[in-house]
Structures are given as structure tokens and as C-alpha cells.
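Summary of the model geometry
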Amino acid sequence: MPTSSASTTDAAKPAASGGVQSLERAFDLLERMADAGGEVGLSELSASSGLPLPTIHRLMRTLVACGYVRQQPNRRYALGPRLIRLGESASRLLGTWARPYLARLVEETGETANMALLDGDEIVYVAQVPSKHSMRMFTEVGRRVLPHSTGVGKALLAHTPAEEVRALLARTGMPAATEKTITTPDGFLDALVAVRETGYAVDDNEQEIGVRCLAVPVPDSPTAAAISISGPAGRVTEAATEKIVPILQQVARELSAALANTAGNGNGHG
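Residues numbered from 1 in each chain as written. Predicted model: local features only at pLDDT ≥ 70, side-chain atom pairs only at ≥ 80, totals over all residues. Heavy atoms only, no water.

Counting its regular elements, the chain contains nine helices and nine strands. For the chain, the proportion of contacts with a sequence separation of at least 24, taken over those separated by at least 6, is 55%. Accessible area for the chain stands at about 13900 Å²; split by element, carbon and sulfur atoms hold 54% of it. (Helix = DSSP H or I, 4+ residues; strand = E, 2+ residues; numbered from the N terminus. Contact = heavy atoms within 4.5 Å. Areas by Shrake-Rupley, 256 points an atom, 1.4 Å probe, with all protein chains shown as cover.)

Here is the structure:
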């Protein structure tokens with residue numbers, strides 16, 4: 001709960017959308033902290049949010065008391081560990097909401113369908129519906145991989161500024177999973193250009209020999225997400241790609257609309 005000083009000022013004041021203004025401001029500050037890499041100073045938050053320092057200080061004090069933010073020894077503020085539990089629960093729910101859409105992908109393409117998010121510098125798989133074929137791909141939900149060797153990684157990073165992509169690749173390195181893995185930043189950036197031009201990403205034996213994967217981003221997802229199908233290279237051929245990609249894109253649009261309705265509930269932030 002907010003402190004008494006906060007509750008007598010902006011905590012009880014209704015926001016323009018009918019919500020509580022201090023609550024909206026607190027979540028806005030948390031998102032700004034995440035955008036800044038998870039750790040910021042009050043003056044940076046004030047400059048980016050336009051809120052006065054006393055207001056920010058009051059809100060941050062409340063978030064610290066609740067465990068959602070912690071104050072570092074250098075007086076800067078960092079996102080707190082209690083957010084991890086919320087994030088893990090939310091990503092599990094995201095996977096649950098996505099499953100019917102992934103099941104439809106399996107039905108229409110015959111191949112295993114996946115959903116993945118970008119978590120920090122890694123790709124994490126949050127949902128999967130396996131193919132009914134006896135020879136099929138299987139990725140454990142919760143598995144983490146590096147973006148440069150996956151179709152979902154390319155789909156998720158396709159619209160990220162080139163300098164940010166280069167910085168990520170510098171942090172992770174670009175180890176070769178197979179002899180077909182892209183191992184240079186320029187090569188990966190060229191692949192992202194292809195994703196932007198075609199509207200889909202391909203992992204052609206780059207993560208595992210004998211496996212091809214096709215992926216598309218989920219447009220306007222509350223958190224960056226991508227869906228994909230994966231199968232043996234002998235089945236996921238160029239000819240199959242022409243049929244599968246439009247289905248992937250259609251399902252991604254429908255999933256996007258469903259997530260916007262679930263997340264937004266008409267509050268204007270969907």
C-alpha cells in the first residue's frame with residue numbers, strides 16, 4: 001500500500017482513464033526502468049517521465065517497501081526480485097493463452113508449433129504443441145537458446161536497431177551450433193534484412209542439422225513474442241514454406257488480437 005503521504009496526494013487522485021494516477025505512474029516508472037536496463041537514478045527517471053522529483057521519490061519509496069524495486073549502495077534504483085515471480089507467472093499464462101493457436105498451427109501445417117519470447121539476451125520457449133508425426137521436433141518449454149541460431153530469434157530481433165543487435169551479439173558471442181549457423185554480426189544483420197523484406201524468418205539447419213524452422217513475430221504483442229513451426233528439412237521444404245508462412249502470419253495476427261483483448265480489457269493500453 002502507498003505511504004500516508006502518497007495517499008493524500010496523487011494516490012487517491014483519479015487518472016484521466018478512470019484509474020488511480022499513482023498506480024499508473026508507478027507502473028510507468030517500472031517500465032522506464034526496464035527500458036533503461038533495470039537500474040536508474042531518480043534524475044534520469046524525472047527527465048524521461050517528466051514527473052517532479054518529489055513525486056518520483058515517493059513512488060519509488062513505496063515500490064522499495066513492497067519489494068518491487070531495491071535501492072543500490074550507489075543510491076540508484078534497480079528492479080527488485082519480487083518482479084521475477086510476477087514475470088514467470090505471466091509468461092506461463094502467455095503460453096497457456098497461446099496453446100489453442102499453436103494447436104491450430106499443428107493442425108494446419110502438420111509440424112510442431114512453438115512460442116518464444118526474448119528474455120534479456122536469450123530466447124526462452126514458453127509454449128509448444130508437438131506434431132502428430134512420429135518423426136517430429138521437440139523443444140522443452142523453458143529451454144533457453146541464443147537468438148543468432150534460431151528462427152524465432154531472427155523474428156524477434158528483426159526490427160531492433162542494428163547497434164542494439166550488435167551489442168547483444170557481442171555479449172552472447174556467436175557460437176556455431178552447426179556448420180550452417182551464422183557466426184558473424186554482419187551475416188546476422190543481413191538475415192534480419194531478409195526477415196523484414198519477406199515477413200518471416202528461417203532457421204535452415206542452423207540450430208540442429210536436419211531441422212528447418214519458420215518463424216514470425218506476434219505483432220503488437222504486450223511483450224515481444226514470436227511463433228514458429230519446426231520439422232524435418234525433408235518436410236519443411238521451399239514448397240511447404242510457401243503454404244506454411246501465410247498460415248503462421250494469420251495465426252500470429254489472431255493471437256495478437258487475443259492478447260491485446262486479454263491485456264488491455266478496454267483500458268486503452270492494449
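To continue, consider the environment of Glu107. In this structure, Glu107 sits in helix H5 (residues 82–109). On the basis of relative accessible area, Glu107 is assigned to the exposed category, the value being 67%. Glu107 sits 25 residues away from Lys132 along the chain, and the two C-alpha atoms are 8.8 Å apart. (Buried < 20%, exposed > 50% of the residue type's maximum accessible area, 1.4 Å probe, protein only.)

A separate point is the side chain of Ser131. With respect to the secondary-structure elements, Ser131 resides in the loop between strand S5 (122–129) and strand S6 (144–145). Residue class for Ser131 comes out buried when judged on its relative accessible area of 1%. Within the structure, Ser131 has its side chain in polar contact with the backbone oxygen of Gly110 (distance 2.7 Å). (Polar contact = N/O pair within 3.5 Å; in protein donor to acceptor, adjacent residues only side chain to side chain.)

Overall, antiparallel pairing links the six strands, which are arranged S6-S5-S4-S9-S8-S7 in an open sheet. Both outer strands of the open sheet, S6 and strand S7 (201–204), are each paired with one neighbouring strand and no more. (Pairing = 2+ DSSP bridges.)

Of all eight residues in S5, seven are buried; the element is thus mostly enclosed. The sheet contact formed by strand S4 (residues 112–119) and S5 spans seven bridges and is antiparallel. Across the sheet, the residue bridging to Ala113 is Val129, located in S5. Counting the residues in the hairpin turn of S4 and S5 gives two residues, including Gly120, whose phi is positive at 65°. The sheet contact formed by S5 and S6 spans two bridges and is antiparallel.

Right, let's talk about the packing of helix H3 (residues 42–49) against helix H4 (residues 53–66) for a bit. In contact at an axis separation of 9 Å, H3 and H4 are set at 115° when each is read in the N-to-C sense. Remark: the crossing between H3 and H4 carries right-handed chirality. Across the interface between the two elements, Leu42, Ser43, Leu45, Ser46 and Ser49 of H3 pack against Leu53, Ile56, His57 and Met60 of H4. (Axes fitted to C-alpha atoms, helices over the stretch in contact; angles between N-to-C directions. Left-handed = near helix turned anticlockwise from the far one by under 90°.)

Along helix H7 (residues 162–172), the residues that are buried comprise Val165, Leu168, Leu169 and Thr172. The arc enclosing the buried residues of H7, seen along the axis, measures out at 95°, which places them on a common side. Of the residues in H7, the exposed ones pointing more than 90 degrees away from the buried face are Glu163, Ala170 and Arg171. The elements touched by buried residues of H7 are helix H6 (151–157) and helix H8 (185–198). Immediately beyond the C-terminal end of H7, within one or two residues, lies Gly173, with a positive phi of roughly 75°. (Arc of directions from axis to C-beta.)

Moving on, we come to the pattern of salt bridges. On inspection of all chains with the given rule, the structure shows 14 salt bridges. The partner of Glu39 in a salt bridge is Arg76, with the nearest N and O atoms 3.2 Å apart. With Glu39 in strand S1 (residues 39–40) and Arg76 in the loop between strand S2 (69–71) and strand S3 (77–79), this pair connects stretches of sequence that are 37 residues apart. The class for Arg76 is partly exposed, based on a relative accessible area of 26%. A salt bridge links Asp186 to Arg166, with the shortest nitrogen-to-oxygen separation between them at 2.6 Å. Placement of the pair is Asp186 in helix H8 and Arg166 in helix H7, with a sequence separation of 20 residues. Classification of Arg166 by relative accessible area gives partly exposed; the value is 38%. (Salt bridge = Lys/Arg side-chain N within 4 Å of Asp/Glu carboxyl O.)

A few words on the packing of H7 against H8. Packing of H7 against H8 leaves a shortest axis separation of 10 Å and a crossing angle of 135°. In terms of axis orientation, H7 runs oblique to H8. Both H7 and H8 take part in a crossing whose hand is right-handed. For the pair H7 and H8, contact is made by Ala162, Val165, Arg166 and Leu169 and by Pro185, Asp186, Phe188, Leu189 and Leu192, respectively. Its residues placed into classes, the contact of H7 with H8 shows seven nonpolar, no polar and two charged. (Parallel < 35°, antiparallel > 145°, perpendicular 65-115°, else oblique. Nonpolar A, V, L, I, M, F, W, Y, C, P; charged D, E, K, R; others polar.)

Here the focus is the nonpolar core. In terms of nonpolar packing, the biggest core is built from 28 residues, with Leu102, Leu105, Met115, Ile227, Ile229 and Leu248 touching the most fellow members. Going through the elements one at a time, H5, S4, S5, strand S8 (211–217), strand S9 (225–232) and helix H9 (238–264) are the ones with two or more residues in this core. It is H9 that contributes the most residues to this core, nine residues altogether. (Core = buried A, V, L, I, M, F, W, Y, C linked by side-chain atoms within 4.5 Å.)

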